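# Analysis of the macromolecular model
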Amino acid sequence: MTHTLEDRTEALRELLERQFQEHTDQLAALTVHSRQPDHGGHDPDTLRRLIEVAQQGVAATAQALRRMSEGTYGVCDRCGQDIPTARLEILPSARCCVPCQQRG
């Protein structure tokens, strides 16, 4: 079976939408725990870090979906070259190609 670019883009969109929902659900649950007297059994510092990570996940997936709707998804923010599909399949919210990411 041959996969077209459109098939891959649609699959990545669906993956990003699922990840966005998962991060949003996780953030909601962690927020509830943060308001409980015992923090839902979590150490307060650990809970704060988990909330940060969930917020970053929501932001990264939302930005990737925005770039997709703008037509700039899959283009490196730094060098302007296409980000390889294999990288996007591993990290759908990637903003940079590997060489640019490694340069920091």
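Note: the structure precedes this text.
Since this is a predicted model, take the numbers as computed values, not measurements.

Parameters at a glance
Residues numbered from 1 in each chain as written. Predicted model: local features only at pLDDT ≥ 70, side-chain atom pairs only at ≥ 80, totals over all residues. Heavy atoms only, no water. Salt bridge = Lys/Arg side-chain N within 4 Å of Asp/Glu carboxyl O. Helix = DSSP H or I, 4+ residues; strand = E, 2+ residues; numbered from the N terminus. Buried < 20%, exposed > 50% of the residue type's maximum accessible area, 1.4 Å probe, protein only.

## Details of the pattern of salt bridges
Following the criterion strictly, the structure yields five salt bridges and no others. The salt bridge partner of Arg13 is Glu10, with a shortest N-O separation of 3.5 Å. Placement of the pair is Arg13 and Glu10 together in helix α1 (residues 5-34), with a separation of three residues, close to one helical turn. Exposure remark for Glu10: the relative accessible area of 36% places this residue in the partly exposed category. Put simply, Arg48 and Asp45 hold a salt bridge, and the shortest N to O gap is 2.2 Å. One end of the pair, Arg48, and the other, Asp45, are both in helix α2 (residues 44-70), three residues apart, so they sit about a helical turn from each other. Given the relative accessible area of 49%, Arg48 is considered partly exposed.

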